[in-house]
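# Architecture and fold: a report
What follows is each chain in one-letter form.
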Amino acid sequence: MSVGCGDGFDYYPTSKLLGKWDYVGAGVTGISTSYGRFAGSQGCRIAGGFATIGQSALGKNLPATTLIGADGSLHIGYITVSNFSTTVNILQSSPSAGLVSAATWYYVESGFNIKTAAGGGIIRLSAADPGDAGYVTYTGNTVRSTGSNFHADSLSQQFTHVRVGGTAGSGTTGTEVHDIDDFYYCDSVDDGLLPPTNTFLGDVRLGALQMIGAGSLTGLTPVGAVSNWDCVNDAAAPDDLASYVAGATVGLEDLYEMENMPTNARTVFAMLINARVAKDDATVRTYNTRVKPTGSSVSAVATRTAPSSFVNQQDVSQSNPATSARYTPSDVNALEVGIRIAS
């Protein structure tokens, strides 16, 4: 597996951010189509600055950090946390300022190798190449020795947290904001498929596809709507107990038809399957997210334990089970996606 997770910020409101992220700081303005890159797409707006821990950031438990300065410069650094305030420590900076300007969309890619003496990091601004001002590298220790888990874990030498938000040197006037649309992360594992996903992917888009009809299986019980697919499409926002599908028997399964991808879509690096699931008893319950390609049998993507309250859980399908290759847009358009009670 190379693609880890992502968020396109589409099809859900600000009130549901905590369903996908572990914390939402007070400086997070919210989600709106006004903050998106494309017509009809949503982005997330976050105020500038690292004044206090979590104030201007989204966080997810998963180090070194990519930073954009108020003068438009790029930095690699890390954040230390003490008494609920943060300090940004710069490790490497771009050779010049003015690389980033207000009211302009950029895509910023970063990569980190979490080690002590042989660690390192890269920032790449909008396809910059080595030697360009927008390509910043650092070699050295990227492992924390003490402190909070906002950094890489010193024992496992793995990321423990990802933070998306305001950056060092910004927010000084109280008017700066950052619009984000979209976010993803990958690991360094080569899954052997083409195109590879253990490298910089370039300017990509996370597109949200909703359920629009019944698939070939409707084994779960609809609650709050007549059709199973209509209980789970949540086109406006997740409504949790207002409409859902339910079941208690192992093996019950639903499959759903999805809307098509945009006509200009070319390469599909992965499918991120979101399931918003909860159980209502004390028994340990598990479920599978499932995919069914055209003319093929149903395949499990992942097995997870159902939580006691509704939480978005995201599984990654890297390849089409019918071809063992990356999905094509036509594969996705013909795919059925669903969920099965595993235990």
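In short, a report on the structure. Every value quoted in this text rests on a predicted model; they were computed, and no experiment measured them. (Residues numbered from 1 in each chain as written. Predicted model: local features only at pLDDT ≥ 70, side-chain atom pairs only at ≥ 80, totals over all residues. Heavy atoms only, no water.)

### Quick look at the overall build of the chain
Scanning the chain from N- to C-terminus turns up two helices and 23 strands. Classification of the 343 residues of the chain by burial places 43% in the buried group. (Helix = DSSP H or I, 4+ residues; strand = E, 2+ residues; numbered from the N terminus. Buried < 20%, exposed > 50% of the residue type's maximum accessible area, 1.4 Å probe, protein only.)

### A look at the sheet that holds strand β3 (residues 28-32)
Across the sheet, which stays open at both edges, the three strands sit in the order β3-β4-β13 with antiparallel pairing between neighbours. Lying at the two open borders of the sheet, with one neighbouring strand each, are β3 and β13 (177-180). Each strand axis lies, on average, 20° off the axis of its neighbour in the sheet, ignoring direction. Pairing geometry for β3 and strand β4 (residues 43-47), over four bridges, is antiparallel. The partner of Val28 across the bridge, within β4, is Ile46. (Pairing = 2+ DSSP bridges. Axes fitted to C-alpha atoms, helices over the stretch in contact; angles between N-to-C directions.)

### Observations regarding the environment of Glu257
Here Glu257 lies in strand β18 (residues 253-258). By relative accessible area, Glu257 is classed as partly exposed at 38%. With 42 residues separating them along the chain, Glu257 and Gly215 place their C-alpha atoms 5.2 Å apart. Not counting residues up to four positions away in its chain, the partners in contact with Glu257 are Gln210, Met211, Ile212, Gly213, Ala214 and Gly215. (Contact = heavy atoms within 4.5 Å.)

### Observations concerning the nonpolar core
Grouped together as the largest cluster of nonpolar side chains are 22 residues, with contacts concentrated most on Met258, Met271, Tyr327, Val332, Leu335, Val337 and Ile339. Counting only elements with at least two residues in this core, the list comes to β18, β19 (271-277), β20 (286-292) and β23 (336-341). For this core, the leading source of residues is β19, giving four residues. Setting aside residues no more than four positions away along its own chain, Leu335 makes contact with Tyr256, Met258, Met271, Val291, Lys292, Pro293 and Tyr327. Core analysis: the second largest hydrophobic core is formed by 12 residues, Trp21, Ile46, Val164 and Phe183 among them. (Core = buried A, V, L, I, M, F, W, Y, C linked by side-chain atoms within 4.5 Å.)

### Some details on the pairing of β4
Across four bridges, β4 lies against β13 in antiparallel orientation. Pairing of Ile46 across the sheet is with His178, part of β13.

### Overview of the sheet that holds strand β10 (residues 119-125)
Across the sheet, three strands lie side by side as β9-β10-β11; this open sheet has antiparallel pairing. On the outer flanks of this sheet lie β9 (108-113) and β11 (135-140), each paired with one strand and no other. Shown here is a sheet whose adjacent strand axes are inclined to one another by a mean of 5°, direction ignored. In this sheet, β10 lies alongside β9 in antiparallel orientation, the contact comprising six bridges. Paired with Phe112 across the bridge in β10 is Gly121.

### Focus: unusual backbone geometry
Between Asp181 and the following residue, Asp182, the backbone shows a cis peptide bond with an omega angle of 25°. With respect to the secondary-structure elements, Asp182 resides in the loop between β13 and β14 (183-186). Note that the residue after Leu194, namely Pro195, is joined by a cis bond; omega there is -5°. The residue Pro195 is located in the loop between β14 and β15 (211-218) in this model. Even without being glycine, Ala103 reaches a positive phi, approximately 60°. Relative to the helices and strands, Ala103 is located in the loop between β8 (85-93) and β9. Positive phi is not limited to glycine here, since Ala127 has a value of about 70°. Relative to the helices and strands, Ala127 resides in the loop between β10 and β11.

What is shown is where atoms sit, not what they do.
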